[in-house]
Amino acid sequence: MINYWPLLGIALVVVGFALRFNPLLVVAVAAIVTGLLGHMPFLKVLGVLGHGFNENRYVTIVWIILPVVGLLERYGLQEQARNLIGGMRGATTGRLLIVYLAIRQILSALGLTTVAGHPQTVRPLVAPMAIAAAGKQRGELDEETSERVKAMSAATDNVGLFFGEDIFLAIASILLIQGSLASFGIQLTPFQLSMWAIPSAICAFLIHGARLLLLDRKLARGK
Amino acid sequence: MINLHWLYIFAGAVFAGFAIGSARDPSNAKRWGNAAFWGLLTVSLWFGDFLGDIGNGILVLALVAIAGTHSLGRGTTESTTAEEREASSSRRGNTLFLPALVIPFTAFVGTLLFNYTPLKAAGIIDPKAVTLVLLGTGVILALVICYVWLRPPAFAAVDEGSRLANSIGWAMVLPQMLASLGVIFAAAGVGTTIGALVGAIIPSGSVFLAVLLYALGMVVFTMIMGNAFAAFPVMAAAIGVPILIHQDGGNAGVIGAVGMLSGFCGTLMTPMAANFNIVPAALLELKNQYGVIKLQIPTAIPLLIANIVILYIAGFHL
């Protein structure tokens, strides 16, 4: 008989996030409730949670980049990103982000997933450039528009990463697929998997690129 | 051998800097809450292996207590004014980009050197940690260049780092917390339960419906777990291998790769994938913490449809 009660933990996460409680609190409560409903004693749950947290510390290492980004911002990095775009004729938010999407997909397909990212490139470079380009298209930006342009910069980074990385042979997800299928006796080479990531990568570029062009039209209309 | 532990020591020092920088900022009314939060993370990075599982669990509860009682704030002082930054930017021009590009450049050159020279065989760097080791190397190089070139005050890196850290706040540890939740979900058998549920509703006879269920299952399960890696083995076991590959004779390469990519469409739509969706909202100081997800949904849904079509055509008709 399968114990369905631990699924209540998922419901707690959904409700907690929807009601906008502090996400750390939501996750911790959901973890403890799920564990208890899975018939683990409280101390055991606490131990599994602590162990999981300790084993996953590497996830948090990426923040060592903040002092560098902060220092450069102190000396006008974001301003310079804006000035650079301000001096470019024909630079629009959509075109800029399409170029970034292509670069991000190609680099990821070459296995260079960590050369770009939200702290590394989006916050200090891409978002200020996109905002500057939008300013050229539209003049003064209202808050809603600048939120939209910044969020689109982050979204473009994600789409580029997700739908580029699987073309690379030695990326974790390809190795995971290979390993999972091998455990069922299905032997594939990484190439047999990664070649099938190419059609989806092209679709991602076309779909997201089209949305970026639509964003340009929207920005121009508001002028 | 240079492994993750070296990075934990370095990262612990950076987080200690966030704690000190926060405590030094009197314009932040909640500065002691921030200092305690970053201090606890420093303890975790430096001494996590000596605290024991229960000790780490208590540390997690303490972090959650600080964040959950809204004891984190941010300061209002800016080290330089907009005019000073504008002046610095026009004086230094595009050279300002160079230190920022040192980090990706180090990752790029380092990855190539590691993979295509005897460096890998020399065993100096743990292959599992190489990406993060290169990130750390890039950060140290960039910091040195900044200090030599820009000559900021000694505490500038600490103050600027903690300014950014406090603007992101609790979101910085959310990805790690979600990873721990994944461990609990696994221990409580959530994955197997969902696999059994999905397996029980498989339609027989229709390849297209099975493909649809497989792709949607990947999306929904990825949205719940926050990453497609946790979803893939479960969905492969429930539908991918027994139905699509064995029963219907689909192309295993397509089923595997495009199944995973369908899951990635789910990653674009869930707050559980915090490092991609929630952290950037904080990092870019968006008003709406779901602002990035909201904009990704109109890309994710057509892309999911495209993936389902690819699965069906390339998987069964090529």
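Residues numbered from 1 in each chain as written. Chains lettered and ligands numbered in written order. Predicted model: local features only at pLDDT ≥ 70, side-chain atom pairs only at ≥ 80, totals over all residues.

Comments concerning the packing of helix α11 (residues 207-225) of chain B against helix α12 (residues 228-247) of chain B
Residues and elements named next belong to chain B. One way to put it is that α11 packs onto α12 with a least axis distance of 8 Å and a crossing angle of 160°. One element, α11, and the other, α12, form an angle in the roughly antiparallel class. Between α11 and α12 the crossing geometry is right-handed. Contacts between α11 and α12 involve Ala210, Val211, Leu213, Tyr214, Gly217, Met218, Phe221, Thr222 and Met225 from the former and Ala228, Ala230, Ala231, Val234, Met235, Ile239, Gly240, Ile243 and Leu244 from the latter. Class assignment of the residues belonging to the contact of α11 with α12 gives a composition of 15 nonpolar, three polar and no charged. (Axes fitted to C-alpha atoms, helices over the stretch in contact; angles between N-to-C directions. Helix = DSSP H or I, 4+ residues; strand = E, 2+ residues; numbered from the N terminus. Parallel < 35°, antiparallel > 145°, perpendicular 65-115°, else oblique. Left-handed = near helix turned anticlockwise from the far one by under 90°. Contact = placed C-beta atoms within 7 Å. Nonpolar A, V, L, I, M, F, W, Y, C, P; charged D, E, K, R; others polar.)

Points about the domain arrangement of chain A
By domain assignment, chain A separates into domain 1 (5-55) and domain 2 (68-221). The gap between the C-alpha centroids of domain 1 of chain A and domain 2 of chain A is 33 Å. (Domains from an automatic or database assignment.)

Considering the domain arrangement of chain B
All names here are of chain B. Partitioning chain B into domains gives domain 1 (4-172) and domain 2 (175-316). Summarising the inter-unit geometry, the C-alpha centres of domain 1 and domain 2 are found 32 Å apart. Counting residues at the interface gives four residues for domain 1, matched by six residues for domain 2. Tallied by class, residues from the side of domain 1 that touches domain 2 come to two nonpolar, two polar and no charged.

A look at the confidence of the model for chain B
Taken residue by residue, chain B gives an average pLDDT of 91. The fraction at 70 or more is 99%. Both confidence scores are given for the complex: pTM 0.89, ipTM 0.90. (pLDDT = per-residue confidence, 0-100.)

With respect to the interface of chain B and chain A
Counting residues at the interface gives 116 residues for chain B and 100 residues for chain A. Of the residues contributing to the side of chain B that touches chain A, the split by class is 80 nonpolar, 29 polar and seven charged.

Observations regarding the environment of Gly33(B)
Residue and element names in this part refer to chain B. Relative to the elements of secondary structure, Gly33 occurs in helix α2 (residues 31-47). You can call Gly33 partly exposed: it has 18 C-beta atoms within 10 Å. Linking Gly33 and Ala23, residues 10 residues apart in sequence, is a C-alpha distance of 8.9 Å. Once you skip the residues sitting within four places of it in the chain, Gly33 turns out to touch Ile66, Ser71, Leu72 and Gly73. (Buried ≥ 20, exposed ≤ 12 C-beta atoms within 10 Å, placed from the backbone.)

Thoughts on helix α7 (residues 118-138) of chain A
All names here are of chain A. Helix length check: α7, at 21 residues, gives a terminal C-alpha distance of 25 Å against a target of 30 Å (1.5 Å per residue), a shortfall beyond 12%. The largest bend in α7 comes to about 35°, at Val126, with the proline Pro128 one to four residues further on. Counting buried positions over the 21 residues of α7 gives 18, a clear majority of the element. Downstream of α7 by a residue or two, Gly139 has a phi angle that is positive, lying close to 85°. (Expected span 1.5 Å × (residues − 1). Bend = angle between axes of the 7 residues up to and from the residue.)

Structural notes on the nonpolar core
Core analysis: the biggest nonpolar cluster contains 179 residues, and Leu24(A), Val27(A), Ala130(A), Leu174(B) and Met235(B) have the highest contact counts within it. When sequence neighbours within four positions are dropped, the list of residues in contact with Leu174(B) reads Pro23(A), Leu24(A), Ala274(B), Ile278(B) and Val279(B). (Core = buried A, V, L, I, M, F, W, Y, C linked by C-beta atoms within 7 Å.)

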